[in-house]
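Coordinate analysis (summary)
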Protein chains: 4
Amino acid sequence: MKSLVVDAQWDPRAEYDVSDAERESKKAMNASQVWRDPELRVTERERPTPEGDEVLVRVRYAGICGSDVSMLETDEDGYVHYSAYLRLPNVTGHEFVGEVVETGDDAQLFEEGDLVTAEVTDYCGRCNMCRQGFTGHCENFEQLGFTIPGAFAEYAAVPEKLCWDVSALRDAYETDDEALRAAATIEPSTITYHGLFARAEGILPGDYHVYHGAGPIGLTGMNVSRAAGAGEVIAFEPSDERREVARTLGFEHVYNPIEDDPVETIASVTDGEGADVHVETAGAVSQTYPAIEDSLAEGANVVHISNAASDPDIALRKYQGNSAQLYGSEGHTGQQVYPRVIRLMAAGRLDNLPIVTSTFDLENADDAIRQASERVDGKVLIEI
Amino acid sequence: MKSLVVDAQWDPRAEYDVSDAERESKKAMNASQVWRDPELRVTERERPTPEGDEVLVRVRYAGICGSDVSMLETDEDGYVHYSAYLRLPNVTGHEFVGEVVETGDDAQLFEEGDLVTAEVTDYCGRCNMCRQGFTGHCENFEQLGFTIPGAFAEYAAVPEKLCWDVSALRDAYETDDEALRAAATIEPSTITYHGLFARAEGILPGDYHVYHGAGPIGLTGMNVSRAAGAGEVIAFEPSDERREVARTLGFEHVYNPIEDDPVETIASVTDGEGADVHVETAGAVSQTYPAIEDSLAEGANVVHISNAASDPDIALRKYQGNSAQLYGSEGHTGQQVYPRVIRLMAAGRLDNLPIVTSTFDLENADDAIRQASERVDGKVLIEI
Amino acid sequence: MKSLVVDAQWDPRAEYDVSDAERESKKAMNASQVWRDPELRVTERERPTPEGDEVLVRVRYAGICGSDVSMLETDEDGYVHYSAYLRLPNVTGHEFVGEVVETGDDAQLFEEGDLVTAEVTDYCGRCNMCRQGFTGHCENFEQLGFTIPGAFAEYAAVPEKLCWDVSALRDAYETDDEALRAAATIEPSTITYHGLFARAEGILPGDYHVYHGAGPIGLTGMNVSRAAGAGEVIAFEPSDERREVARTLGFEHVYNPIEDDPVETIASVTDGEGADVHVETAGAVSQTYPAIEDSLAEGANVVHISNAASDPDIALRKYQGNSAQLYGSEGHTGQQVYPRVIRLMAAGRLDNLPIVTSTFDLENADDAIRQASERVDGKVLIEI
Amino acid sequence: MKSLVVDAQWDPRAEYDVSDAERESKKAMNASQVWRDPELRVTERERPTPEGDEVLVRVRYAGICGSDVSMLETDEDGYVHYSAYLRLPNVTGHEFVGEVVETGDDAQLFEEGDLVTAEVTDYCGRCNMCRQGFTGHCENFEQLGFTIPGAFAEYAAVPEKLCWDVSALRDAYETDDEALRAAATIEPSTITYHGLFARAEGILPGDYHVYHGAGPIGLTGMNVSRAAGAGEVIAFEPSDERREVARTLGFEHVYNPIEDDPVETIASVTDGEGADVHVETAGAVSQTYPAIEDSLAEGANVVHISNAASDPDIALRKYQGNSAQLYGSEGHTGQQVYPRVIRLMAAGRLDNLPIVTSTFDLENADDAIRQASERVDGKVLIEI
């Protein structure tokens, strides 16, 4: 089958302390310390056979995530930017939709013909984290498209417990193609849903939400916030193109933080009450946190989603003076996140199609990645 | 000023133990045990003068609540149906919008010209309930339109802490008249918002909500649920006219429980998962609870809102087997309920205008009450 | 190895609709409809071999639960009382402690010599319940001592993900024997911990807790409530012996509900404030619920734990008037329940030893069951 | 009556922008920018007369808080250290117990002879914060002992809604004097109770709590944590004397952070699991936060209580990787905090008497303040 394969040199930096487990498994804990001179090939690979508890999915669309880009971008020494888990060579890609074409002997949840998307983190269900309900931080995890083969390929074998049926989206869209493209954006939507509704507590319908950063996660997040009952969604994003995508989605309060001071703007839009929910999806924490902390509503929830390059100063006094709290959030694994996002989409409340601004064939995957690396798109999809 | 005044005979039933406090204050704890032979007059009354912490509101629209009807309906002995707090004679009416035309000496929150609606329960802020945050169950409460003069009048004097600015609704509607009529439906909307988001815990965006009863509270509730991110809203209502109002609001899953078995219907719409949220707004508990308990999703929240005429059997085993819980809810007093509902309305997410099916002048208030007593309308308004 | 084995006749009642799955698996969904003429034998059985993800435990103490008794008690037609899941013949017993003496090939969490207790419900981790975090309601569950071999035996093979290390209890007790006996009471303690802290929300340190029923679950629950910071623990229990056990534990407010009216007593102890937490551990719901509903503090949490023989009327108006809620709770599976209970015990805050009122050898298991069936003990243990 | 009165010069720093409200009311928002050359006098003052909603309290014991000290300590320019609200001259002191000796005309909750303590913040109940339930951040607040006369005096007039009956403590202590001294430590205990149980969510009985700083707030907090069901309480405190007080309270895990590395120590005590609850009561944020962030258990709650002199860097990545959250907390105003702390004390679960290490007469109040400024005591009391 045709696949996009990423490979690189295993060449740990001198100062990085490679563990035995990493050396044996070639599963780097911090890719940017180990993997050098990455390259991408579109190549033929053997079609996988599903294990007993897996299903084989014929992938139809797969979205490009910032991580897919950053594992191909390098620093001056040739090390990849991506700083989390990575085993190479690997078929990357983890935001996808496809059709079940084969089921493992022990599969119970799906049958051939089902349309599915999938969670990213495969958890063991048995370790000390999993058995306490912390499956998102499984001690024996693997990640589709990072440490095990992902979705930039014609077929992907996926543990069925990670898959979720998305056929209900067909009712929400006029064509199957639209439903498929929408379904490929479920995964990024779950990242903010998880942060707002599985991690944070006490977010109320009617709350004012502010997104600091309107890239693919911010844009799908704004849509999630609106679908979930935000009283107003405000966004700050320096890219002209991305602000335009936000406006196409129907958002009125979309600003360039370089031109429009966030603190003043939030005060104006919220009539001086401040934001009840701040979502950091920019990573530019030295700019965003001072603005966040000067526009906290009483009881505000700050949800940190992005991979920040540095650690910001935190004005603790302002969290005290406004009864505010700060939640760290990553991933989307956990109770009911996927099925709830899918329901919102099936009900026509969460329409991400306008976020999809570019589509490429798998053959032209390198062009797709290059396009995504410009960071001006809403979402770049690969049609497979 | 012109006012609708309700009066009746203070004639406690022989078996009712009238307290000294009730006798002195003429504030019956259970009106149906005390007040007999009610009558309604539209009459001239002296325009009230606002106390220091009050504002004087020139009322523009006021909605008729079931309680306004039931304090005029009687049993065979002539006692009113309404079974909660009532002091007569009184200007009734508590769902209203109007303009501030005068402010008390000590008023800080409003000024002349502000457009406001108001909460119903005036709390003392000092008793043992209030100082623990339970203002909705204040030990010294009064209620606008029940124990102190309400809004079926040209003017109402209202403690300013109960008032909320609704001028932002003008952005959501094309005409001022529409904004005013919409604002008059805020109060009933807050009843379900309070039940779902101040009383219950853990309701998630994307949850399936079922309303058992689509009268004025159920219809505004369905709208609140949709605005707040319900994945689907299902309703059961025997009145043809009210089901039609629900459909006009854009709800697809609206059924007559006499024709369509609720358990089967819910199973079908939810694909066998059951309802995450059940809202009892019918009062017909011997019919609704068996259906609720046979269609509980795992972790379901049952929110009881209505005044039930009897106490249903509860199948505890089903609450255990589905990790379900049952919340009793009444009123709307409490943290952030009014401002959040107003924001949802101002953002165009919560449009109750199609629920308003009849409008009368204050002169014809008796016709208005008679119309409301038919229980086929969405909401009957009085224009003042 | 020596084992207590329960067997009975598979003889479904005429009116019971046996499913194919039940017939094939001999796993009855409702034992009381299927299993007849039970008998108990202490017999030799082959020592089990642990599967890959299992550990073999040399059992040291195992407690007798009400369910162990009720699967041997019969109605006039000879059917067992126990009304939940049961596959026979089986080694029963599920409240135990023992030492790991062998580990499966794939075991990661334990090694030989570890002292462990275990959860009861084995969940698949893959079904639609499990993957949403609802492992306690796994669709493919088995139960130790009910549907798969349990702990009234010299050895038990247990999935390691269900086991929890209890060696820290050795610091809390002077002798190993005491630590072992205490550890055998962890399982019943987790039932109320789960109800109060995994199911209910908003229970505060300093709350007043009332136990309706002080059998083994109620007694361990009272201890859990005290360890968890209850401001006062009040209990109602008709058995003189069990009230005496409660007093031995140091509880002052222990009453016979037949002699001391619960409503008046609660009002007196709580100075009129009512109980913040009601725990129904009696099953006598027609008596307990009226008392509960007349002694609700504002915001009260009612946690239903027992197997009720009938469905009580519920006075919904009182839940509304006191902002109260009712939670159904069963089992103990879920986030952090076992490790937190073990920590409380290891810290010396939760001492159940005085609850253990009788101990028998495995040889005399039938005497032990007979003793437990008197329902006057705190907890009856079998030493193995 | 005899009183301790603090006075200073109103001399705003050149760079401080004094508002009109501050100038008129002499209520500085940031005392350290305005008040210079403070002095303390024990002097005669007129005994206050209670307003209608006030009670007059004959003070018996009053504790010295860090704020009472810091409003007398100065920088090199003579400005006081205390950086929050202060109106001078004023009778300071806000941690107290006394007897009601007179009640205002409108008082309902208390009568002469009642033994009471009080909350510090008087809230209006009417402003936009109060009416949303945020009474702790009332826009028109006053503070006993800061902006209005406090408790270092023979008599204090206190709004009755702030007072709480503590007579139940007489059951928990052998002598009245002990009960009174214990009651004087309720106020500091409520600060951490508020942080842990009104601000943070999801703290479970059995959690591991770590206190970074064991001064008066940390010591009473450790006691609160233990009473509330902590599985273990660990403390880091550089003062030898204060560590000794902690040990006297019965805490085993009390360390000098300069000698015992907090990260290693926490790992050791918690068997590698990390702390579920971190409470920052030191103010030394550049030292404490790195240690906190390297010992977060999965799902950890970090509660910030202290007045930090600077803003620490926050390692957001670690909050994400451990599903942790950070709550800012100040004060104690809010739902049920005082009554629950009082109940814990009345039940004998929260005994702060060993924390009281010095007691002075009001005459010697300057010695008392001087002693407290040494920062080696648990709690210094003034007997009045």
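What you see is a predicted model; the values in this text were computed from it and never measured.

**Some details on the pattern of salt bridges**
- Counting across every chain of the model gives 90 salt bridges over all chains.
- In this structure, Arg126(A) and Glu160(C) form a salt bridge, with 3.0 Å as the shortest nitrogen-oxygen distance. Taken together, the residues span two chains, with Arg126(A) in the loop between β9 (121–122) and β10 (142–143) and Glu160(C) in the loop between β11 (155–159) and β12 (163–165). The pair formed by Arg126(A) and Glu160(C) is uniform in burial state, with each residue classed as buried.
- Between Arg13(C) and Asp75(C) there is a salt bridge, with its nearest N and O atoms 2.8 Å apart. Remark: Asp75(C) occurs in the loop between α2 (66–70) and β5 (86–87) and Arg13(C) occurs in the loop between β1 (2–10) and α1 (20–25); sequence separation between them is 62 residues.
- The buried category is assigned to Arg13(C), whose relative accessible area is 16%.
- Overlapping salt bridges bring together Asp207(A), Glu273(A), Asp276(A), Arg340(B) and Arg343(B) as one network.

**Observations concerning the UniProt feature "domain: Enoyl reductase (ER)" (unreviewed entry) in chain A**
- According to UniProt, the feature "domain: Enoyl reductase (ER)" (unreviewed entry) maps to residues 36–382 of chain A in the numbering used here.
- Secondary structure over residues 36–382 of chain A splits into 27% helix and 26% strand, and the C-alpha atoms at its two ends are 25 Å apart.

**Remarks on the sheet that holds strand β6 (residues 90–91) of chain A**
Residue and element names in this part refer to chain A.
- Strand order in the open sheet formed by 3 strands is β3-β1-β6, with antiparallel pairing between adjacent strands. Whereas interior strands pair on both sides, the edge strands pair on one side only; in this sheet they are β3 (35–44) and β6.
- Alignment of strand β1 (residues 2–10) against β3, held across 8 bridges, turns out to be antiparallel. For Lys-2, the partnering residue across the bridge sits in β3 and is Glu-44.

**A word on the relation of the copies chain D and chain A**
- With an RMSD of 0.0 Å, the fit of chain D onto chain A corresponds to turning through 180° and sliding 0.0 Å along the axis. Expressed as a symmetry operation, the mapping of one chain copy onto the other fits a two-fold axis. For chain D, the residue whose C-alpha comes nearest the rotation axis is Asp313(D), separated from it by 2.1 Å.
- The overlap is high: 100% of the interface residues of chain D also sit at the interface in chain A, so the same surface is used on both sides.

**What about the packing of helix α5 (residues 186–199) of chain D against helix α6 (residues 216–227) of chain D?**
Residue and element names in this part refer to chain D.
- At a closest axis distance of 8 Å, the pairing of α5 and α6 adopts a crossing angle of 60°. By the criterion of interaxial angle, the relationship of α5 to α6 is oblique. Considering the relative orientation of α5 and α6, their crossing is right-handed. Together, Pro-188, Ser-189, Ile-191, Thr-192, Tyr-193 and Leu-196 of α5 and Ile-217, Thr-220, Gly-221, Val-224 and Ser-225 of α6 make up the contact between the two elements.
- Classifying every residue of the contact of α5 with α6 gives 6 nonpolar, 5 polar and no charged.

**Comments concerning the domain arrangement of chain A**
Residues and elements named next belong to chain A.
- Looking at chain A, the domain boundaries give domain 1 (2–185 + 352–383) and domain 2 (189–328).
- Between the C-alpha centres of domain 1 and domain 2 the distance comes to 27 Å.
- Every contact between the two is made by 10 residues of domain 1 and, on the other side, 11 residues of domain 2.
- Counting each side, the surface lost to burial between domain 1 and domain 2 is near 910 Å², with a carbon and sulfur contribution of 59%.
- When the buried surface of domain 1 facing domain 2 is broken down by residue, Pro-354, Ile-355 and Val-376 rank first, second and third, together holding 44% of it.
- Along the contact surface separating domain 1 from domain 2 lie 0 salt bridges.
- For the pair domain 1 and domain 2, the interface holds 5 residue pairs in polar contact (both at pLDDT 80 or more).
- A per-class count over the side of domain 1 that touches domain 2 returns 3 nonpolar, 4 polar and 3 charged.

Conventions used here
- Residues numbered from 1 in each chain as written.
- Chains lettered and ligands numbered in written order.
- Predicted model: local features only at pLDDT ≥ 70, side-chain atom pairs only at ≥ 80, totals over all residues.
- Heavy atoms only, no water.
- Salt bridge = Lys/Arg side-chain N within 4 Å of Asp/Glu carboxyl O.
- Helix = DSSP H or I, 4+ residues; strand = E, 2+ residues; numbered from the N terminus.
- Buried < 20%, exposed > 50% of the residue type's maximum accessible area, 1.4 Å probe, protein only.
- UniProt positions renumbered as here; feature names shortened; annotations may be inferred.
- Pairing = 2+ DSSP bridges.
- Least-squares fit on C-alpha atoms with pLDDT ≥ 70 in both.
- Contact = heavy atoms within 4.5 Å.
- Axes fitted to C-alpha atoms, helices over the stretch in contact; angles between N-to-C directions.
- Parallel < 35°, antiparallel > 145°, perpendicular 65-115°, else oblique.
- Left-handed = near helix turned anticlockwise from the far one by under 90°.
- Nonpolar A, V, L, I, M, F, W, Y, C, P; charged D, E, K, R; others polar.
- Domains from an automatic or database assignment.
- Buried area = accessible area lost by both parts, 1.4 Å probe.
- Polar contact = N/O pair within 3.5 Å; in protein donor to acceptor, adjacent residues only side chain to side chain.

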